[in-house]
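# Architecture and fold: a report
One-letter residues, chain by chain:
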Amino acid sequence: DQQVKQNSPSLSVQEGRISILNCDYTNSMFDYFLWYKKYPAEGPTFLISISSIKDKNEDGRFTVFLNKSAKHLSLHIVPSQPGDSAVYFCAASEGTDKLIFGTGTRLQVFP
Amino acid sequence: ETGVTQSPTHLIKTRGQQVTLRCSSQSGHNTVSWYQQALGQGPQFIFQYYREEENGRGNFPPRFSGLQFPNYSSELNVNALELDDSALYLCASSLAVAIQETQYFGPGTRLLVL
């Protein structure tokens, strides 16, 4: 049973435009959410996180939005740059329990 | 400050064999977690070690076992390898067990079981 879902396996965006990556979850007890970025032959790197007590968290070009009623979160990247091309994973946890990852979305930013 | 390193980078084994994967945590980190990432999937939590003790385990059978050493380096052992064990194995270290602590991932070991 996939508790964290990323329904779009890939996304292609023009440089300078906004990239929106989506993630849905089923467990209402999740209270912490994270986004990781992964380049080929490297491990995932932490990007941004959000606690369930917030609905938005911003860090430079990256913003994560959390809609608890819809059990949905999204990552916005503005403006998108070619170096953002990578696989993006969302992950969730309940308390200090283990991270549950989604299946990832491959983002390609083209010139 | 050195990052998380893993060895070997690639490994080929046959069904039934045993394998040991190694992870060196980032300097100062006392917590290590291991993940299995099958092709087309996200990382799946195997287990976590904190100060040499297992501190949580995912849905993996007992043939997956681990160790954490006093210097906080870690091993993942898999016995009686099965074809489905073919995957990228990632370790991640952090300063503490709290999930809010950023986990730093190594580049992974790609295991192929034939």
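Residues numbered from 1 in each chain as written. Chains lettered and ligands numbered in written order. Predicted model: local features only at pLDDT ≥ 70, side-chain atom pairs only at ≥ 80, totals over all residues. Heavy atoms only, no water.

A few words now on the interface of chain A and chain B. In this assembly, 18 residues from chain A lie in contact with 19 residues from chain B. With both chains or domains summed, chain A and chain B bury close to 1,400 Å², and 66% of this area falls on carbon and sulfur atoms. The interface formed by chain A and chain B includes zero salt bridges. Run the count over chain A and chain B and you get one residue pair in polar contact (both at pLDDT 80 or more). Looking at the side of chain A that touches chain B, the elements that each hand over two or more residues are β4 (32-38) and β9 (86-93) of chain A. (Contact = heavy atoms within 4.5 Å. Buried area = accessible area lost by both parts, 1.4 Å probe. Salt bridge = Lys/Arg side-chain N within 4 Å of Asp/Glu carboxyl O. Polar contact = N/O pair within 3.5 Å; in protein donor to acceptor, adjacent residues only side chain to side chain. Helix = DSSP H or I, 4+ residues; strand = E, 2+ residues; numbered from the N terminus.)

Glancing now at the sheet that holds strand β8 (residues 74-78) of chain B. Residue and element names in this part refer to chain B. Here four strands make up an open sheet; going across it, the order is β1-β3-β8-β7 and the pairing antiparallel. Lying at the two open borders of the sheet, with one neighbouring strand each, are β1 (5-7) and β7 (64-68). Between one strand axis and the next, the sheet turns through 20° on average, direction left out of account. The pairing of strand β3 (residues 19-24) with β8 spans five bridges and is antiparallel. Counted as the bridge partner of Leu21 is Leu76 from β8. (Pairing = 2+ DSSP bridges. Axes fitted to C-alpha atoms, helices over the stretch in contact; angles between N-to-C directions.)

Attention shifts here to the packing of aromatic side chains. In total, this model carries 13 aromatic pairs over all chains according to the counting rule given. Relative to Phe33 of chain A, the ring of Tyr25 of chain A lies with its centre 4.7 Å away and its plane at 45°, an arrangement referred to as tilted. This pair shows no difference in class: Tyr25 of chain A is buried, exactly as Phe33 of chain A is. Seen from their ring centres, Phe47 of chain B and Tyr49 of chain B are 5.4 Å apart, and the 90° between their planes marks the pair as edge-to-face. Note on Phe47 of chain B: relative accessible area 0%, which makes it buried. Here Tyr49 of chain B falls in the buried class, since its relative accessible area comes to 7%. (Phe/Tyr/Trp six-rings, centres within 6.5 Å; stacked < 30°, edge-to-face > 60°. Buried < 20%, exposed > 50% of the residue type's maximum accessible area, 1.4 Å probe, protein only.)

Residues and elements named next belong to chain A. By the element assignment, Tyr39 lies in the loop between β4 and β5 (45-51). With 31 residues separating them along the chain, Tyr39 and Ala70 place their C-alpha atoms 30 Å apart. Setting aside chain neighbours within four positions, we find Tyr39 in contact with Gly83, Ser85 and Ala86. Reaching out from Tyr39, the side chain makes a polar contact with the side chain of Lys37 at a distance of 3.1 Å.

This part takes up the pattern of salt bridges. Scanning the model with the defined rule gives six salt bridges over all chains in all. Between Lys56 of chain A and Glu58 of chain A there is a salt bridge, and its shortest N-O distance comes to 3.9 Å. Put simply, Arg63 of chain B and Glu82 of chain B hold a salt bridge, and the shortest N to O gap is 3.3 Å. One end of the pair, Arg63 of chain B, is in the loop between β6 (53-57) and β7; the other, Glu82 of chain B, is in the loop between β8 and β9 (87-94), and 19 residues separate them in sequence. Of the residues examined, Arg63 of chain B reaches a relative accessible area of 17% and is grouped as buried. Residue Glu82 of chain B is classed as partly exposed on the basis of its relative accessible area of 40%. Each of Arg63, Glu82 and Asp85 of chain B takes part in one network of salt bridges that share partners.

Below, the discussion takes up the sheet that holds strand β7 (residues 62-67) of chain A. Residues and elements named next belong to chain A. Strand order in the open sheet formed by five strands is β1-β3-β8-β7-β6, and the pairing between neighbours is antiparallel. With partners counted over all chains shown, the strands left at the sheet margins are β1 (4-5) and β6 (56-59), one partner each. As paired strands, β1 and strand β3 (residues 19-25) are joined by two bridges and run antiparallel to one another. The partner of Lys5 across the bridge, within β3, is Asp24.

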